[in-house]
Each structure stands twice: as structure tokens, then as C-alpha cells.
Amino acid sequence: MAATLVAGSGTLAPSPGGGPTISKFTIEPPVAAPNGPARIRFEFRGAQGGLRDATLLAKPAGSSWRRSALEEPINFAIAALGSLSDGVVEASARHQGSYARQQQGTTNLYELQVTDKAGRKSNALTVALEVRL
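Residues numbered from 1 in each chain as written. Predicted model: local features only at pLDDT ≥ 70, side-chain atom pairs only at ≥ 80, totals over all residues. Heavy atoms only, no water.

**Observations concerning the sheet that holds strand β2 (residues 21-28)**
Thought 1: A sheet is described by the order of its strands in space; here 3 strands give the open sequence β2-β4-β7, paired in antiparallel fashion. Strands with a single pairing partner mark the edges of an open sheet, and in this sheet they are β2 and β7 (87-94). On average, adjacent strands in this sheet sit at an angle of 15° to one another, irrespective of strand direction.
Thought 2: Of the strand pairs in this sheet, strand β4 (residues 37-45) and β7 are connected by 8 bridges, and their pairing is antiparallel. Within β7, the position partnered with Pro37 by the bridge is Arg94.
Thought 3: Sitting on the sheet, helix α1 (residues 71-79) touches β4 and β7, and the angle it makes with β7 is about 145°. (Pairing = 2+ DSSP bridges. Helix = DSSP H or I, 4+ residues; strand = E, 2+ residues; numbered from the N terminus. Axes fitted to C-alpha atoms, helices over the stretch in contact; angles between N-to-C directions. Contact = heavy atoms within 4.5 Å.)

Quick look at the structure:
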């Protein structure tokens, strides 16, 4: 089972006039578990001068959006790409170390957006992962 791609939350907005485009955003395996592995992958195109960085927000059920623990490894992977205008980003990370017992079976949302070296922000994509303790 793959992570479920869901409609954007509207939290992150693209640059007016356009920017890079991201697609095929996945986090595997499709569950969030304490210290569990996470393989993040997405494709991008139209990045002027290459990608500068990514913003990855997480929203546990009943909470507000916040920076995800998975964001830093994505930015390390982006830094290694140089000035590619089109490509694939793949990163490996681990989910946070603990979840509250009441989070079992709930859904965490993860929203991704990238910025290119020209400062333009991409579209945002969101995936949903079930929390398993």
C-alpha cells in the first residue's frame, strides 16, 4: 500500500507567475511509526538554476502544521543535485522517536514544496500516512 496523495491544504502557496513543478511525491512505507524508516521521493522540473531547498510540513491529527523531522534529509539530497533543472529527489530518514498512544490509527499529513535557486516556489503536494505504534 502506498502513501495516499491528498488535495493540498492550502498552507503553502506557489509563487505568482509560476515556479518549478513537483510531482509523484511519495513517502514509503506508507505508515508513520516511532523511529520508523521513511523513504521520500519526488520528481521536479523547471527549476531555474536548480533547487535551493524544500519545506516539508507535518500535521498530526488534531494538531497544527509544523516543520517535519523528515525535512533535513530532503535538503541534504537537494544540495547534492547541483544545478539540475529537472530531476528526482530521493532521501532516507526516520520518523520522530515517539507518538502519543492516542495517535494510533490516526492520519498524519505531510505537505511538500520546493524553492528553486531563483527564489520561485513550486506547487505543493500532500500525502497522508497512518500512524502505527
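**A look at the environment of Tyr99**
Thought 1: If you trace the backbone, Tyr99 turns up in the loop between β7 and β8 (107-116).
Thought 2: Judged by its relative accessible area of 11%, Tyr99 is buried.
Thought 3: On a C-alpha basis, the gap between Tyr99 and Ala32 in space is 9.3 Å, while along the polypeptide they are 67 residues apart.
Thought 4: Leaving out residues up to four positions away in the same chain, Tyr99 has contacts with Ala32, Ala33, Pro34, Asn108, Tyr110, Val131 and Leu133. (Buried < 20%, exposed > 50% of the residue type's maximum accessible area, 1.4 Å probe, protein only.)

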